[in-house]
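# Understanding the architecture of this molecule
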Amino acid sequence: MDRPLVEPPARGSDAPRLKDGPPPGSAEARALDETWADPPGFFGWFCPVNHKTIAKRFIVTTLAFFAAGGLLAAVMRAQLSRPENNLVGPDMYNQLFTMHGTTMMFLFAVPVMQTVATYMLPLMLGTRNVAFPRMNAYAYWIFLFGGLMLYIAFFFNTGPDAGWFAYVPLSGPQFAPGKRVDFWAQMITFTEMSALVEAIVIITTIFKFRAPGMTLNRLPLFAWSMLVTSFMVLFAMPAVMLASTALIMDRLIGTHFYNPAEGGDALLWQHLFWFFGHPEVYLIFIPGLGFLSAIIPTFARRPIFGYTAMVLSLIATAFLSFGLWVHHMFATNLPELGKGFFTAVSMLIAIPSAIQIYCWLATLWTGRLNLKTPLLFVLAFFFILVLGGMTGLMLASVPLDLQVHDTYFVVAHLHYVLIGGAVFPLFGAFYYWFPKFSGRMMSEGLGRWSFWLMFIGFNLAFFPMHLLGLHGMPRRVYTYQAGMGWDNLNLASTIGAYTLALGIFLSLVNAIRSARSGEPAPADPWGGGTLEWATASPPATCNFHRVPVVYGRDPVWEPPPPGAPAYVSGLAADSREQLVTTVLDALPDHRISYPTPSPWPFLSAVATTILFVGSIFTPWAIVWGSVIVAVPLVGWFWPTRREAAEHMALEKQP
Amino acid sequence: MKPLIVFVVASAMLLAGCEREARRFDTPANNQTASEQAQRASPLQPGASQGGPVRDAFRDKSPYDGNAYAVNQGKQLFRWYNCNGCHSNGGGGIGPPLMDAQWKYGSEPAQIFQTIMQGRPEGMPSFGGHIPEDQVWQIVAYVRSMSGQLRKDVAPSRSDTIYAGPPENARMRLVPQPQTPDQPTPQGAR
Amino acid sequence: MVPPVFGLCLRLVLLAVLALLLASLSDYALAATPIPQAVHDALDAMGPQASHIASLWNVFLAACAAVFLAILAVLLYVLWRTPRADGGDVPDLSSLREAEPGPQRHVTRAVVVSVLALFALVVASVFTDRALARLSLADAVNIEVTAHQWWWTAKYVNGGPSDSFTTANEIHVPVGRPVVVNLHADDVIHSLWVPSLAGKKDLIPGRSTVMQFRADHPGIYRGQCAEFCGYQHALMGLLVIAEPPAQFETWVQGQRQSATEPTDAKALRGKAVFESSSCAMCHAIQGSLASAQHAPDLTHVASRQTLAAGTLPNTPQDLSAWISNPQLHKPGTNMPATPLSKDDLEAIVAYLGGLK
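This structure is a prediction, so every number in the text was calculated from the model and none was measured. (Residues numbered from 1 in each chain as written. Chains lettered and ligands numbered in written order. Predicted model: local features only at pLDDT ≥ 70, side-chain atom pairs only at ≥ 80, totals over all residues. Heavy atoms only, no water.)

### Quick notes on the overall build of chain C
Scanning chain C from terminus to terminus reveals nine helices and twelve strands. Compactness check: chain C gives a C-alpha radius of gyration of 29 Å against a globular reference of 21 Å for 356 residues, more than 25% above the reference. Taking the principal axes of its C-alpha atoms as reference, chain C extends roughly 100 × 60 × 35 Å. Every one of the 356 residues in chain C was classed for burial, and the buried ones make up 54%. When the accessible surface of chain C is summed, it comes to about 15,200 Å², and 62% of that surface belongs to carbon and sulfur atoms. Taken as two groups, the 23 positive and 28 negative side-chain charges of chain C have centres that lie 6 Å from each other. (Helix = DSSP H or I, 4+ residues; strand = E, 2+ residues; numbered from the N terminus. Rg over C-alpha atoms; globule rule 2.2 N^0.38 Å. Buried < 20%, exposed > 50% of the residue type's maximum accessible area, 1.4 Å probe, protein only. Areas by Shrake-Rupley, 256 points an atom, 1.4 Å probe, with all protein chains shown as cover. Lys, Arg positive; Asp, Glu negative; His and termini not counted. Charge placed at Lys NZ, Arg CZ, Asp CG, Glu CD.)

In structure tokens:
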């Protein structure tokens, strides 16, 4: 018979309360559902702190930005399908590719990984919500407003046009007149705030909010990848914050950070930006590795091979990724010996990734394959990402890079590693976890059509670009002349791009149809081993009616030994209470009372938006905007008597 | 009512953005003048002298006072055509300052246009026929920005040059004090 | 088994594609490349710098292809031979109890091989770096290239100030002699890249840098700006014409001369119009009143293969079209449309056509 692990450390009070522990369906379980429910109604829509609610909105928003970025790319590819085309002129094309890169890198790739994590991690870790739930909500609203600001600017001809990397002096005050680049730089502020906040949320959740018994050695590899990613965010985002702030100051108030004539340096921007920019691509890639480590064991019917090596590889990749940034600057006049060092590190980082690939292949080799759509997307990773990694090695070498830098060869490489290393795993993860968050199965047939169209379309779109780069076609060109030998390759690339788009569209159709009328999904449709499969599909608002105790890396596959406690009991069912565990061994540490739904995160985000958007036009907005921001922040943290009384009542005298 | 006001204000700001950010490469302000009646008012011309009258300003409003790209082009042309040689970066020297409130020949766009096209006695060359009309309007807009006549979001910011004074978008608007200008006497080109 | 919605989606997407492609079938503004015979391929090496890099490319291609094919082979083997299972099948937890020496050995070996291969590639890269730095610079031709939005100035400085001359958008180099190019940027960051001769180098405002190469075969080599620099980054080409040393010397002597004085009436009129209209505000022609530095030097413009930095062929029709409406061919370029009468335009074209 299940017996609770221990009663959680007791505090004051003697009033009898409803506590969790009994099986679902009982009064306590219904009380839990009600306690953790989202507030109803129109105004309630702005208040939820449930990580699943916020993550669902966040995922839809990031996927909407993905679609927008894809549409921009579709227009770009239409323009480049023929030489000397004039579908769009140079000004619009510059805005298109800037918006495409900016959208994909800042508004899609990193946020979508963080939001899938904020949805799945509490389920995978066996807890009821993320740490700092109101801050989690704030991160979403900030992100939404930043992205909307950028797109509204774009629709009013104020979209940035200096590239997603915005090199000075082209993006500086003399060569980028108007407010276009200012909107870009301020969008950076929004999105890196959102990313930093989410990173704090994720790190704290992983360290302190695990099910008892889930030692670090039993932490799912997806959680490890998000932990590593979040630490990287903490160190990488400040660099771009610094760079973009200096740029805003140069443009708005006439500082000289990037003005060589007054002692500034155009290369300073490149150093600061790429110190962020290189880890940024690993921020996108490492969660993709986490998805693979989540999907492969399930579809190979065995635990992952080489768990320790995998964890160490993730950590090594994260550290090394901060030492590569100069490989984006090999064509500048930095000293050659220094560049050689970065060649070596850029090649070195292939080793931890190679270790991971070998371990996955070993897992697949020694397992038994369940060839469903999630696994198909994962298998595509081994083709696409490895090819991208090979071209990455070529780009790591200074002499080779001097030929192919800033050509379509790099465009091919970056899409191979990002789409192969992150987007395909993301789609696999989407198909994998769709039954969990929607309660319905996606269509396997449509999934296969989507996969094959995406795979074939992707390769047709991007492989010819390697050849284009070697044959002399530079990047970021709105047109090219006929007779250069580039015509047919570009046309093939455009056809491939539209095929890829069709494949993605089919997945969208699949998702929408399945959400409405797909086959209802059981709790564990794929036979997975991690904790998210131990709860209903979709999960109850409190995630687990009974918080599980964990005895292995794949808790669903490794049930508790006989006589050992299987669940935690004793947390209040009529108040939002959460168990906090220790960092290394996940022993129960204390209970906390969770923040309730609140409109203050939304209002703080509105105030922050006013501050940031105002400061595009005048530096005084910083002053007045700070006052406006302070007000909802005060409201956010203001304690209420009711909450204080509730918390006191939950304490029990020892 | 309040949402309506917010909507109207927001739309106005956004539509202003449309004009501020427009990049018109097809030089719409060329050859619009109704007539070529203005007489040159200076014997000096850059390069070889041309004979004949120059174009009038065809309108009173500057076509580019709200267009950041055009004003920035004007700043670049101010440097390229060596206006700095006499006017420095607005501080004056051989020529009068352009960043102060004193406007000998008027501060209205049409008046500045005439000054550039016709030239003025005592040293201002006549640029009519040497600088295309569209570019002259760009320079006109830039000159007005030097004393803060343009909106802050349109006026250019600092250049990537040695510091030459506060950027135009940080200058207070100086209310123009037109002196009674000497009527320029028509002078034929030499 | 294709769901019916698939057909509808496919039709919608095809319609969108067709619409976009049709919309782009409007009239051309550009010419096709004016020098189709120019070589511009990184794998078509015409000098030692490019050929060192091309050799390294072969090494990397072989090594990377081998690795990729090996991993693909393992993947295909896995797909072929691994037994299938279902979500309902019990997972195999034996690896939790027992060590797996077989996979451990294989993975370890693969990692060791990978490390050794990477090390070899690093060594190959360093050796190529060294070879690139060891180009003999004896008796070099010295050129100072300045990049502007969206054209190139080239100033030849061998022999001291009285022997130096300036040209634009097209440089001639002697076959077999090294060329040392000092690189500056006038406005934003550009990058000089002539794929068949050497790797690229960025031109950064406020910084001075150097590029060295040698052309070992005569021919026309096309270069292009390779760092996004604004509206006409796409059409900022540079021609490098490698010729036998004697021909090169003749060219140099010709470039050192001032502009040919026009003799016929039309060209004389053209010169007068050039000097008295907006042309002289930006362009220079040595030996005339025009001496501005903000646009390409036109002293010997008729000797060049192309106009507008590799955009148009250098023919009278193209020159006339370019002068009357530059924005049609290179929207955003700094050259304005100068209102000229038909006669004046013809005269200028005749004058410039005589500036060999």
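### Considerations on the pairing of strand β1 (residues 577–581) of chain A
Residues and elements named next belong to chain A. With respect to burial, β1 is a largely interior element, five of its five residues being buried. Sheet topology note: the β1/strand β2 (residues 588–593) ladder contains five bridges and is antiparallel. Looking across to β2, one finds that Thr581 is bridged to Pro588. Once β1 ends, the chain turns through six residues before running back antiparallel as β2, passing Ala586 with a positive phi of about 55°. (Pairing = 2+ DSSP bridges.)

### Looking at the packing of aromatic side chains
Within the structure shown, the criterion is met by 84 aromatic pairs over all chains. Aromatic side chains Phe165 of chain A and Tyr167 of chain A sit 4.9 Å apart centroid to centroid with 85° between the ring planes, which places their arrangement in the edge-to-face category. Look at Phe165 of chain A and you get buried, because its relative accessible area is 2%. Taking the relative accessible area as the measure of exposure, Tyr167 of chain A reaches 7% and is therefore buried. Between Tyr258 of chain A and Trp269 of chain A, the aromatic rings sit 5.6 Å apart at their centres with planes inclined by 80°, giving edge-to-face as the arrangement. Taken together, the residues Tyr258 of chain A in the loop between α7 (221–253) and α8 (266–300) and Trp269 of chain A in helix α8 connect sequence positions eleven residues apart. The same class applies to Tyr258 of chain A as to Trp269 of chain A, namely buried. Above the plane of the ring of Tyr105 of chain B lies Arg120 of chain B, whose end atom (NZ or CZ) is 4.8 Å from the centre. (Phe/Tyr/Trp six-rings, centres within 6.5 Å; stacked < 30°, edge-to-face > 60°. Lys NZ or Arg CZ within 6 Å of the ring centre and 35° of its normal.)

### Focus on the sheet that holds strand β1 (residues 141–148) of chain C
Residues and elements named next belong to chain C. Strands sit in the order β3-β2-β1-β5-β8 across an open sheet of five strands; the sheet is mixed. At either end of the open sheet lies a strand with only one pairing partner, and these are β3 (165–168) and β8 (209–214). Between one strand axis and the next, the sheet turns by 25° as a mean value, whatever way the strands run. Alignment of strand β5 (residues 178–185) against β8, held across six bridges, turns out to be antiparallel. (Axes fitted to C-alpha atoms, helices over the stretch in contact; angles between N-to-C directions.)

### Some details on the domain arrangement of chain C
All names here are of chain C. Under the domain assignment, chain C is made up of domain 1 (38–77 + 106–256) and domain 2 (265–353). Summed over both partners, the interface of domain 1 with domain 2 buries about 1,500 Å², with 52% contributed by carbon and sulfur atoms. Here domain 1 is connected to domain 2 by zero salt bridges. Put simply, domain 1 and domain 2 have eleven residue pairs in polar contact (both at pLDDT 80 or more) between them. Of the residues contributing to the side of domain 1 that touches domain 2, the split by class is nine nonpolar, eight polar and one charged. (Domains from an automatic or database assignment. Buried area = accessible area lost by both parts, 1.4 Å probe. Salt bridge = Lys/Arg side-chain N within 4 Å of Asp/Glu carboxyl O. Polar contact = N/O pair within 3.5 Å; in protein donor to acceptor, adjacent residues only side chain to side chain. Nonpolar A, V, L, I, M, F, W, Y, C, P; charged D, E, K, R; others polar.)

### Brief notes about the interface of chain C and chain B
Residue-level contacts link 16 residues of chain C with 21 residues of chain B. Of the roughly 1,700 Å² buried between chain C and chain B, counting both surfaces, carbon and sulfur atoms make up 60%. The largest share of the area that chain C buries against chain B comes from Ser276, Met281 and His294 of chain C, three residues that together contribute 32% of it. Across the contact surface, chain C and chain B share five residue pairs in polar contact (both at pLDDT 80 or more). Residues of the side of chain C that touches chain B, tallied by class, amount to eight nonpolar, seven polar and one charged. (Contact = heavy atoms within 4.5 Å.)

### Some thoughts on the packing of helix α10 (residues 336–348) of chain A against helix α4 (residues 101–133) of chain C
It is at 10 Å that the axes of α10 of chain A and α4 of chain C come closest, and there the two elements cross at 160°. What the angle tells us is that α10 of chain A and α4 of chain C run roughly antiparallel. Handedness of the α10 of chain A/α4 of chain C crossing: right-handed. Where α10 of chain A approaches α4 of chain C, its residues Glu336, Thr343, Ala344 and Met347 of chain A are matched on the opposing element by Leu118, Leu121, Val122, Ser125 and Asp129 of chain C. (Parallel < 35°, antiparallel > 145°, perpendicular 65-115°, else oblique. Left-handed = near helix turned anticlockwise from the far one by under 90°.)

### What about the pattern of salt bridges?
Using the criterion set out here, one finds 30 salt bridges over all chains in the structure. For Arg302 of chain A, the salt bridge identified is with Glu100 of chain C, shortest N-O distance 2.6 Å. Pair noted here: Arg302 of chain A is in the loop between α8 and α9 (307–321) and Glu100 of chain C is in the loop between α3 (94–97) and α4, and the two residues belong to different chains. Judged on exposure class, the residue Arg302 of chain A and its partner Glu100 of chain C are both buried.

### A look at the sheet that holds strand β7 (residues 201–203) of chain C
Residues and elements named next belong to chain C. Taken in spatial order, the five strands line up as β4-β10-β9-β6-β7 in an open sheet, and their pairing is mixed. For this open sheet the edge positions go to β4 (170–174) and β7, each flanked by a neighbour on one side alone. Mean inter-strand twist for the sheet, computed between neighbouring axes without regard to direction, equals 25°. Each of β4 and β10 (237–243) is contacted by helix α5 (residues 245–256), which is oriented at about 135° to β4, the strand it contacts most.

### A few points about the nonpolar core
Nonpolar side chains in soluble globular proteins generally cluster together in the buried interior. By size, the foremost hydrophobic cluster in this structure holds 277 residues, and its most contacted members are Trp184, Phe222, Trp269, Trp360, Phe382, Phe424 and Trp433 of chain A. The leading source of residues in this core is helix α4 (residues 90–125) of chain A, at 21 residues. Among residues more than four places away in sequence, those in contact with Trp360 of chain A are Leu289, Leu292, Ser293, Ile296, Ile304, Met310, Phe381 and Phe382 of chain A. Formed by 35 residues, the second largest nonpolar core is a distinct cluster that contains Val54, Phe78 and Phe113 of chain B together with Cys282 of chain C. (Core = buried A, V, L, I, M, F, W, Y, C linked by side-chain atoms within 4.5 Å.)

### Things to note about the packing of α4 of chain A against helix α5 (residues 133–155) of chain A
All names here are of chain A. The interhelical angle for the contact between α4 and α5, taken along N-to-C directions, is 165°, at an axis separation of 12 Å. As the angle between them shows, α4 and α5 are arranged roughly antiparallel. Judged by the sense of rotation from one axis to the other, the crossing of α4 with α5 is left-handed. Residues Gln95, Leu96, Met99, Thr102, Thr103, Phe106, Leu107, Pro111 and Thr118 of α4 form the contact with α5, whose participating residues are Asn136, Phe143, Gly147, Leu150, Tyr151 and Phe154. Classifying every residue of the contact of α4 with α5 by side-chain character gives nine nonpolar, six polar and no charged.

### Examining the side chain of Thr581 of chain A
Residue and element names in this part refer to chain A. By the element assignment, Thr581 lies in strand β1. A distance of 3.3 Å separates a polar side-chain atom of Thr581 from the backbone oxygen of Arg210. Residue contacts for Thr581: discarding those within four places in its chain leaves Phe207, Lys208, Phe209, Arg210, Pro212, Ala586, Leu587, Pro588 and Asp589.

### Description of unusual backbone geometry
Val168 of chain A connects to Pro169 of chain A through a cis peptide bond whose omega is -5°. Among the structural elements, Pro169 of chain A can be located in the loop between α5 and α6 (180–208). Trp150 of chain C follows Gln149 of chain C through a cis peptide bond whose omega is 15°. Among the structural elements, Trp150 of chain C can be located in the loop between β1 and β2 (151–156).

### A word on a nonpolar patch on the surface
Residues and elements named next belong to chain A. Together, Trp620, Ile622, Val623, Trp624 and Val627 line one region of the surface with nonpolar side chains, adding up to about 560 Å² of accessible area. Tracing the sequence through the fold places Trp624 in helix α18 (residues 620–637). Judged by relative accessible area, which is 57%, Trp624 ranks as exposed. (Patch = residues over 30% accessible without salt bridge, like charges linked within 9 Å, V, L, I, M, F, W, Y side chains within 5 Å.)

### A word on the interface of chain A and chain C
Each partner contributes residues to the interface: chain A has 100 residues there, and chain C has 103 residues. Around 9,100 Å² of area is buried between chain A and chain C when both sides are counted, 70% of it from carbon and sulfur atoms. On the chain A side of the interface with chain C, the three residues burying the most area are Tyr358, Gln403 and Gln481 of chain A, jointly 8% of the side's total. Linking chain A with chain C are two salt bridges, by the criterion used here.

### Brief notes about the confidence of the model for chain C
Residues and elements named next belong to chain C. Put simply, chain C has an average pLDDT of 92, and 91% of its residues get 70 or more. The spread of mean pLDDT over the elements of chain C runs between helix α1 (residues 4–23), the lowest at 60, and strand β6 (residues 190–193), the highest at 98. In the model, residues 25–29 has pLDDT below 50 throughout and makes seven contacts with residues more than four positions away in sequence or in other chains. Here the predicted complex scores 0.93 on pTM and 0.93 on ipTM. (pLDDT = per-residue confidence, 0-100.)

### Regarding helix α17 (residues 600–617) of chain A
All names here are of chain A. Here α17 is 18 residues long and its end C-alpha atoms lie 26 Å apart, about the 26 Å a rise of 1.5 Å per residue gives. The set of residues buried in α17 consists of Pro601, Phe602, Ser604, Ala605, Ala607, Thr608, Thr609, Leu611, Phe612, Gly614, Ser615 and Ile616. The elements touched by buried residues of α17 are α5, α6, α7 and α18. (Expected span 1.5 Å × (residues − 1).)

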